[in-house]
Amino acid sequence: MGQLEATAGRYRSLRLSAIAGDLADLLGQAEANEVSYLTFADMLAEHERAQREAKRIDLYRRQAKFPSDKRLEDFDYRYQTTITKRQINALLDFAFLDNRENLVLIGPPGVGKTHLAIGVAQKAIEAGYRVRFRNALDLVEELELAEMKGELKKKLAQLAKVDALVIDELGYLPMSRQARYALFQLVNRFYEHRSLMITTNKDFTHWGEFFHDDNVAVPIVDRIIHHSHVYMLGGESYRLKQKTLS
Ligand code: ADP
Ligand code: MG
């Protein structure tokens with residue numbers, strides 16, 4: 001076995017697999033650039049760190065189960081003028097996640113609520129937070145199923161492992177009494193413990209109707225908005241704009 005393979009093997013046995021895998025390349029770069037010993041030592045450490053970070057982000061993204069790959073960089077604030085880049089950027093220190101506060105995006109269809117929610121969630125993942133994405137109806141179905149199996153507590157504990165749960169399209173369709181109850185349990189579980197990022201077409205003043213004004217409506221709304229950053233989005237649907245342009 002040559003020296004290179006032997007050295008790569010040492011790195012591998014120390015679980016420094018990025019250095020092990022790319023050792024020949026790294027040596028080649030160092031020689032070509034005539035870097036100092038210290039710089040080379042640093043290059044190795046940085047290579048391992050960067051590859052681990054990239055793997056972590058990739059894993060967290062897959063676990064988040066985003067329905068589409070939306071990025072804040074692709075959001076056009078010239079089109080969506082009811083929220084500013086400054087307002088969204090202010091969230092990206094993620095103090096709201098550290099403080100277990102919620103983010104609520106309210107507005108009609110097509111104005112960019114889901115895009116922004118996924119975009120912010122992607123940045124949260126890059127910053128090291130764990131996120132899950134659920135469509136509201138899928139989430140409620142999942143909770144009801146768990147409830148039927150007598151495993152609601154377990155399911156809620158599992159969902160609450162992440163720093164933030166995105167609930168997309170809350171309030172688009174009416175929910176059954178059991179569904180509202182399950183949702184209430186979730187909101188309770190997350191309250192002051194984990195963050196919710198909610199998109200909805202319903203203004204809070206209409207949430208009462210959506211929850212059929214039953215006795216869970218008020219506490220649910222109360223707990224969601226108690227510590228929350230609420231943004232009202234308006235304007236024309238971006239989808240319709242795209243249609244008229246093509
Ligand atoms: P909503 O969730 O409010 O119904 P979406 O976020 O799903 O709207 O937006 C609909 C489509 O239009 C998506 O493909 C989204 O990426 C795009 N879109 C909406 N607003 C913007 C914007 N301001 N800049 C870029 N793309 C946008
Ligand atoms: Mg949406």
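Cut-off values and rules
Residues numbered from 1 in each chain as written. Chains lettered and ligands numbered in written order. Predicted model: local features only at pLDDT ≥ 70, side-chain atom pairs only at ≥ 80, totals over all residues. Heavy atoms only, no water. Helix = DSSP H or I, 4+ residues; strand = E, 2+ residues; numbered from the N terminus. Expected span 1.5 Å × (residues − 1). Buried < 20%, exposed > 50% of the residue type's maximum accessible area, 1.4 Å probe, protein only. Arc of directions from axis to C-beta. Contact = heavy atoms within 4.5 Å. Polar contact = N/O pair within 3.5 Å; in protein donor to acceptor, adjacent residues only side chain to side chain. Phe/Tyr/Trp six-rings, centres within 6.5 Å; stacked < 30°, edge-to-face > 60°. Domains from an automatic or database assignment. Buried area = accessible area lost by both parts, 1.4 Å probe. Salt bridge = Lys/Arg side-chain N within 4 Å of Asp/Glu carboxyl O. Near = heavy atom within 4 Å. Areas by Shrake-Rupley, 256 points an atom, 1.4 Å probe, with all protein chains shown as cover. 1 Å grid on protein atoms, 1.4 Å probe; cavity = no way out; pocket = protein on both sides within 12 Å on 5 of 7 lines; lining within 4 Å. Sits in = over half its atoms within 2 Å of the grid points.

(A) Here's a closer look at helix α7 (residues 136-148). For α7, built from 13 residues, the straight-helix expectation of 18 Å at 1.5 Å per residue is met to within 8% by its first-to-last C-alpha distance of 18 Å. For α7, every residue scored as buried is listed here: Ala136, Leu139, Val140, Glu142, Leu143 and Ala146. Angular distribution of buried residues about the axis of α7 spans 160°; they occupy a single face of the element. Opposite its buried face, α7 presents the exposed residues Glu141 and Met148, each directed more than 90 degrees away. Buried positions along α7 lie against β2 (131-135), α8 (152-159), β3 (164-170) and α9 (177-190). Two to three positions downstream of the cap, the backbone nitrogen of Leu137 sits 3.0 Å from a side-chain oxygen, assigning the N-cap of α7 to Asn135.

(B) Structural detail: the packing of aromatic side chains. Counted according to the given criterion, the structure contains five aromatic pairs. On the numbers, 5.1 Å between centres and 80° between planes, the contact of Tyr79 with Tyr238 is edge-to-face. In this pair, Tyr79 sits in the loop between α3 (37-64) and α4 (85-89) while Tyr238 sits in helix α12 (residues 238-245), placing the two residues 159 residues apart along the sequence. Relative accessible area serves as the criterion here: at 24%, Tyr79 is assigned to the partly exposed category. An aromatic cluster is present here, built from Phe94, Phe96 and Tyr129 joined pairwise through their rings.

(C) The arrangement of the domain arrangement of the protein chain in detail. Segmentation of the protein chain into domains returns domain 1 (3-64) and domain 2 (72-245). Here domain 1 and domain 2 have C-alpha centroids that lie 39 Å from each other. Tallying the contact residues gives seven residues for domain 1 and ten residues for domain 2. When domain 1 packs against domain 2, close to 750 Å² is buried across both sides, 47% of that on carbon and sulfur atoms. Ranking the residues of domain 1 by area buried against domain 2 places Tyr60, Arg61 and Ala64 at the top, with a combined share of 64%. Inspection of the domain 1/domain 2 interface yields one salt bridge. Arg61 is the salt-bridge partner of Glu126, the closest N and O atoms lying 3.3 Å from each other.

(D) The site of ligand 1, seen in detail. What surrounds ligand 1 is a group of 15 residues, the closest being Asp76, Gly110, Lys113, Thr114 and His115. Between ligand 1 and the protein, one listed contact pairs a nitrogen atom with a backbone N or O atom of Asp76 at 2.8 Å. At 2.6 Å from an oxygen atom of ligand 1 is found a side-chain nitrogen or oxygen belonging to His115. When the free accessible area of ligand 1 is taken as 550 Å², the share hidden by the protein chains comes to 87%. When atoms are counted within 2 Å of each cavity's grid points, the one that captures over half of ligand 1 is the largest pocket. Looking at the shell around ligand 1, the elements with two or more residues in it are α6 (113-126) and α12. When residues in the shell around ligand 1 are grouped by element, the largest group, three residues, is from α6.

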